[in-house]
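Inside the fold
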Amino acid sequence: MKVQFTETVLRDANQSLMATRMPFSDFEPILETLNKAGYYSLECWGGATFDSCLRYLDEDPWERLRKIKAKCPDTRLQMLLRGQNLLGYKHYPDDVVRMFVKKSIENGIDVIRIFDALNDTRNIRVAVDETIKNGAVASGAISYTTSPVHTLKKYVELVREMKEMGCSTICIKDMAGVMTPIEAKELVSAIKDAMPEMPVILHTHCTTGMAYMTALKAVEAGCDIIDTATSCFSGGTSQPATETLHDALTGLGYETGLDRTVLKKVNDHFKPLRDGYLSAGLLKPKALVTDTDALTYKVPGGMLSNMIANLEDMHALGKMEEALIEIPRVREDMGYPPLVTPLSQMVGNQAVTNVLVGERYKNISKEIKAYIKGEYGKAPGEINADLQKRVLGDDEPITCRFADTLEDGFEKGKAEIGEKAKSDEDVLSYIAFPQQAEAFFEKREEKAKNTFKYSIKRID
Ligand code: CO
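Residues numbered from 1 in each chain as written. Predicted model: local features only at pLDDT ≥ 70, side-chain atom pairs only at ≥ 80, totals over all residues. Heavy atoms only, no water.

On to the packing of aromatic side chains. This structure, assessed with the given rule, holds 13 aromatic pairs. Aromatic side chains tryptophan 45 and phenylalanine 50 sit 5.5 Å apart centroid to centroid with 75° between the ring planes, which places their arrangement in the edge-to-face category. Since its relative accessible area comes to 0%, tryptophan 45 is described here as buried. Between the aromatic rings of tyrosine 371 and tyrosine 376, the centroid separation amounts to 6.2 Å while the plane-to-plane angle is 50°, which identifies the pairing as tilted. Within the aromatic cluster, the residues linked to one another by ring pairs are Trp45, Phe50, Trp62, Phe100 and Phe433. Here arginine 21 stacks its cationic end above the ring of tyrosine 56, 3.6 Å away from the centre of that ring. Stacked on the ring of phenylalanine 115, the Lys or Arg lysine 173 has its end atom at 4.6 Å from the ring centre. (Phe/Tyr/Trp six-rings, centres within 6.5 Å; stacked < 30°, edge-to-face > 60°. Buried < 20%, exposed > 50% of the residue type's maximum accessible area, 1.4 Å probe, protein only. Lys NZ or Arg CZ within 6 Å of the ring centre and 35° of its normal.)

Written out as structure tokens, the structure reads:
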């Protein structure tokens, strides 16, 4: 029996526990060790890392990737990609998506995990196609949620579609950490029954305390790869611990391919860093504890704290209970979207508005209107017909893929940023995060000038 591991400390653990603020210099000394651990892959890029590099860390995300690759030549480097949204929330034209995927692979990525918040496969098709064309592994990810329309049969159909697209692995992505052990067992078994050859990956979070049990049941049901984080960066809103699951599964007779001595070295490197981030306030102790509210209210933890903050701002915290009752109703009206960013915020805000205004849908946010129009993709279930009529009037919803309504964007972005971009990678940074990238380019230019001045002085 075999099970492999994807280490998330550089991406999801970093993102979930400390808003992706870990600078390259902090993990650079351990990269060669990470390369020897025997992971299936090292998740190190994509998600929020890109934005964080430009916005907060003054790092070129592409250069970060190349530097990781140089020190980890034997380990698959993995990134998370939000399909047609790339690393953000808006839809990009196909030429931009293709260029982004191509350049990610050229700069060192081996595995791209691709998902769509609504599980609308039209929104991942182009990214999957380009990944395969460039010789990397396309991993299709299911945004996991429960609802009357999210049946095992539907999930298996989704996997089949991803397989037909060319995805060579499937990831069950439980972003809220709400998947229970029995749900994992049933879903993994259903996929394996239908497609025994398809490698299945489990991605979950410890938020509600389910993760270790869920991972164990998934592995017992035939799950091939699990996402974990080195122990000092595990737990809470992060993944379960690599060493713990390695020891537990090895004890049960599974081969992990991991080198336990190397795993300890990895953890020894990150431990003092974790303590430093805690005392600097970058890592909040609250992120490290178990919080079962997501199970009680069936909404992700991040969405709850967002709602509490909104209600507090409006001095209406007393309406919280009412808003929590309103959430499932709004979600039903929307056709049961998975409550993942940005849909979690959209549904949460609309529920709060409905409760505060005292009349349902008297005010409808522009994001919810766009969703109802079909700009985010196809809703998993039926959108409430009255609501749809109220938003659309006599207009028809968009039934085509939203990106089909967009014009090519790469050359346009290139012209816009002009000389400030020194490469195609720079142009992509600019297209993905215009203000942050432009500010970064300016700072980089300034730094280069100063270094130049300094080196001339040195020669004198
Ligand atoms: Co995650």
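The gaps left among the atoms become clear once a water-sized probe is rolled over them. What the rule picks out here adds up to 1 cavity of 30 Å³ or more. Considered as a void within the structure, the largest cavity measures approximately 70 Å³ in volume. A per-class count over the lining of the largest cavity returns 6 nonpolar, 2 polar and 2 charged. Counting the residues that make up the lining of the largest cavity, at least three belong to each of domain 1 (4–280) and domain 2 (292–404). (1 Å grid on protein atoms, 1.4 Å probe; cavity = no way out; pocket = protein on both sides within 12 Å on 5 of 7 lines; lining within 4 Å. Points joined across faces, edges and corners; volume = space filled by probe spheres on them. Nonpolar A, V, L, I, M, F, W, Y, C, P; charged D, E, K, R; others polar. Domains from an automatic or database assignment.)

Partitioning the chain into domains gives domain 1 (4–280), domain 2 (292–404) and domain 3 (409–459). When each unit is reduced to the centre of its C-alpha atoms, the spacing between domain 2 and domain 3 is 39 Å.

It is worth spelling out unusual backbone geometry at this point. Cis geometry marks the peptide bond from threonine 341 to proline 342; its omega dihedral reads 0°. Summarising the element assignment, proline 342 is placed in the loop between α15 (320–333) and α16 (343–357). Even without being glycine, leucine 86 reaches a positive phi, approximately 50°. Examined against the element boundaries, leucine 86 turns out to sit in the loop between β3 (76–81) and α6 (94–106). One non-glycine residue, asparagine 119, lies in the positive phi region at around 60°. Within the element layout of this structure, asparagine 119 appears in the loop between β4 (111–115) and α7 (125–133). (Helix = DSSP H or I, 4+ residues; strand = E, 2+ residues; numbered from the N terminus.)

Looking at the cobalt ion, the protein donor atoms are Asp12 (OD), His203 (NE2) and His205 (NE2), and they sit 2.1 Å from it. Counting gaps between the donor residues of the cobalt ion yields the pattern D-x190-H-x1-H. Taken together, the residues span a long stretch of sequence, with aspartate 12 in helix α1 (residues 9–18) and histidine 203 in strand β7 (residues 200–203) at a distance of 191 residues. What makes aspartate 12 buried here is its relative accessible area of 4%. (Donors = N, O, S within 2.8 Å, 3.2 Å for Na, K, Ca; no water.)

Burial analysis of strand β2 (residues 41–46) places 6 of its 6 residues in the buried class, which makes it a mostly covered element. Pairing of strand β1 (residues 4–7) with β2, which is carried by 2 bridges, proceeds in the parallel orientation. What sits directly across from threonine 6, in β2, is serine 41. In this structure, β2 lies alongside β3, joined through 5 bridges in parallel fashion. The residue of β3 that forms the bridge with glutamate 43 is glutamine 78. (Pairing = 2+ DSSP bridges.)

Put simply, the largest pocket is a space of about 1,700 Å³. Residue lining of the largest pocket: 49 residues in total, with Gln15, Ser16, Thr237, Gly302 and Thr341 positioned closest to the centre. Elements supplying a minimum of two residues to the lining of the largest pocket: α1, α4 (49–57), β3, α13 (293–297), α14 (301–313), α15 and α16. For the lining of the largest pocket, a count of residues per class yields 23 nonpolar, 16 polar and 10 charged. For the lining of the largest pocket, the two domains that each supply at least three residues are domain 1 (4–280) and domain 2 (292–404).

In this section: the nonpolar core. Grouped together as the largest cluster of nonpolar side chains are 99 residues, with contacts concentrated most on Leu81, Phe100, Ile172, Phe233 and Phe270. When residues are assigned to domains, this core turns out to be shared by domain 1 (4–280) and domain 3 (409–459), each giving three or more. If you look at the next biggest cluster of nonpolar residues, it comprises 34 residues, including Met307, Ile327, Met346 and Ile383. (Core = buried A, V, L, I, M, F, W, Y, C linked by side-chain atoms within 4.5 Å.)

Below, the discussion takes up the pattern of salt bridges. For the coordinates displayed, the defined rule picks out 37 salt bridges. As a salt-bridge pair, arginine 401 and aspartate 94 come within 2.6 Å of each other at their nearest N and O atoms. In this pair, arginine 401 sits in the loop between α18 (385–392) and α19 (410–417) while aspartate 94 sits in helix α6, placing the two residues 307 residues apart along the sequence. Residue class for arginine 401 comes out buried when judged on its relative accessible area of 10%. In this structure, lysine 103 engages glutamate 106 in a salt bridge whose closest nitrogen and oxygen atoms are separated by 3.0 Å. Residue lysine 103 and its partner glutamate 106 are both found in helix α6; the two are separated by 3 residues, about one turn of the helix. Several salt bridges share partner residues, and in doing so they unite Arg98, Asp129, Glu130 and Lys133 into one network. (Salt bridge = Lys/Arg side-chain N within 4 Å of Asp/Glu carboxyl O.)

Moving on to helix α9 (residues 181–194). Counting along an α-helix, one turn takes 3.6 residues, and residues three or four places apart therefore face a common direction. Over its 14 residues, α9 runs 20 Å from end to end, which matches the ideal 20 Å to within 8%, given 1.5 Å per residue. Looking at α9, one finds that the buried residues are Pro181, Ala184, Leu187, Val188, Ala190, Ile191 and Lys192. Considering only its buried residues, α9 is in contact with β5 (137–143), α8 (152–165), β6 (169–173), β7 and α10 (211–220). (Expected span 1.5 Å × (residues − 1). Contact = heavy atoms within 4.5 Å.)

Let's shift gears to the packing of α14 against α15. Between α14 and α15, the shortest axis-to-axis distance is 11 Å and the interhelical angle comes to 135°. Taken together, the axis directions place α14 and α15 in an arrangement best described as oblique. Crossing of α14 over α15 shows right-handed handedness. For the pair formed by α14 and α15, the contact residues are Met303, Leu304, Met307, Ile308 and Leu311 on the first element and Met320, Ala323, Leu324 and Ile327 on the second. Tallied by class, the residues present in the contact of α14 with α15 amount to 9 nonpolar, no polar and no charged. (Axes fitted to C-alpha atoms, helices over the stretch in contact; angles between N-to-C directions. Parallel < 35°, antiparallel > 145°, perpendicular 65-115°, else oblique. Left-handed = near helix turned anticlockwise from the far one by under 90°.)

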